[in-house]
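# Observations on the three-dimensional arrangement
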Amino acid sequence: MQYKFKKPFKYGNENIETVELKEEFNAGDMIRIANAKGDGDKTGAMLVAATGWPLPKVACIPIADALAIAGVVTTFFGLSETDGPEM
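Owing to the predicted nature of the structure, the values given are computational and were not obtained by experimental measurement.

It is worth spelling out the nonpolar core at this point. Phe-5, Val-19, Trp-53, Ile-61 and Ile-69 are the most contacted members of the largest nonpolar core, which has 20 residues in total. Mapped onto this core, the elements with two or more residues apiece are strand 1 (2-11), strand 2 (14-20), helix 2 (38-51) and helix 4 (63-77). With five residues, the top contributor of residues to this core is helix 2. Those residues in contact with Ile-61 that sit more than four places away from it in its chain are Phe-5, Phe-9, Trp-53 and Ala-66.

This is the structure:
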């Protein structure tokens, strides 16, 4: 599924307007997210799993877009509000 950012952002020399989100996750994704400590680490792990990007690149995603993408991933994993990121 392609996600279009509300406002393009830069990462290095790259101007980013969209990202292709994974539509299927595996047990490895689930383990990395479950093993993350704290809401920030869990959100980061979910965004890395969804985008396939490294954490430094994920950290540049504007907050509104990061929350929207995390919401999509939370739905895939069936996480409750207490298990996933605060939104």
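Summed over all chains, the structure comprises four aromatic pairs. Judged by centre distance (5.5 Å) and plane angle (80°), the ring pair of Tyr-3 and Phe-5 falls under edge-to-face. The class for Tyr-3 is buried, based on a relative accessible area of 14%. By relative accessible area, Phe-5 is classed as buried at 3%. Taken together, a centroid distance of 6.2 Å and an interplanar angle of 25° make the contact between Phe-5 and Trp-53 stacked. Here Phe-5, found in strand 1, pairs with Trp-53, found in the loop between helix 2 and helix 3 (55-58); they are 48 residues apart in sequence, far enough to count as distant. Taken as a pair, Phe-5 and Trp-53 share a single burial class, namely buried. Taken together, the ring pairs connect Tyr-3, Phe-5, Phe-9 and Trp-53 into an aromatic cluster. Positioned above the aromatic ring of Trp-53, the side-chain terminus of Lys-57 is 4.4 Å from the ring centre.

For the rest of this paragraph, the subject is the packing of helix 1 (residues 27-35) against helix 2. At a closest axis distance of 8 Å, the pairing of helix 1 and helix 2 adopts a crossing angle of 160°. The angle between helix 1 and helix 2 places the two elements in the roughly antiparallel class. Seen along the crossing, helix 1 lies across helix 2 with a hand that is right-handed. Where helix 1 approaches helix 2, its residues Asp-29, Arg-32, Ile-33 and Ala-34 are matched on the opposing element by Lys-42, Ala-45, Met-46 and Ala-49. Residue classes in the contact of helix 1 with helix 2 are distributed as five nonpolar, no polar and three charged.

Each value, and the rule that gives it
Sequence positions are assigned chain by chain, starting from 1 and proceeding in written order. A pLDDT threshold of at least 70 governs which residues receive local features in this predicted model, and a stricter bar of 80 or more applies before side-chain atom pairs are shown or counted, although totals over entire chains, interfaces and linings include all residues. Neither water nor hydrogens contribute to the side-chain values; these are computed over all heavy atoms in the structure. Nonpolar cores were defined as sets of buried Ala, Val, Leu, Ile, Met, Phe, Trp, Tyr and Cys residues, with membership established by side-chain atoms within 4.5 Å. We call a residue buried when its accessible area falls under 20% of the maximum for its residue type, exposed when it is over 50%, and partly exposed in between, using a 1.4 Å probe and counting protein chains only. Every helix listed is a DSSP run of H or I at least four residues long, and every strand listed is a run of E at least two residues long, numbered separately from the N terminus. In this description, contact between two residues means that some pair of their heavy atoms is separated by no more than 4.5 Å. Only Phe, Tyr and Trp rings take part, Trp by its six-membered ring, and two of them pair if their centres are within 6.5 Å. Stacked means planes under 30 degrees apart, edge-to-face means over 60, and tilted covers everything else. Geometrically, a lysine NZ or arginine CZ counts as sitting over a ring once it is within 6 Å of the ring centre and also within 35 degrees of the ring normal. Axis lines are fitted through C-alpha atoms, for helices just across the contact stretch, and the angle between N-to-C directions can take any value from 0 to 180 degrees. For classification purposes, an angle smaller than 35 degrees is called roughly parallel, one larger than 145 roughly antiparallel, one from 65 to 115 roughly perpendicular, and anything else oblique. Crossing handedness follows the turn of the near helix against the far one: under a right angle anticlockwise gives a left-handed crossing, and clockwise gives a right-handed one. Charged means Asp, Glu, Lys or Arg here, nonpolar means Ala, Val, Leu, Ile, Met, Phe, Trp, Tyr, Cys or Pro, and polar covers whatever is left, Gly included.

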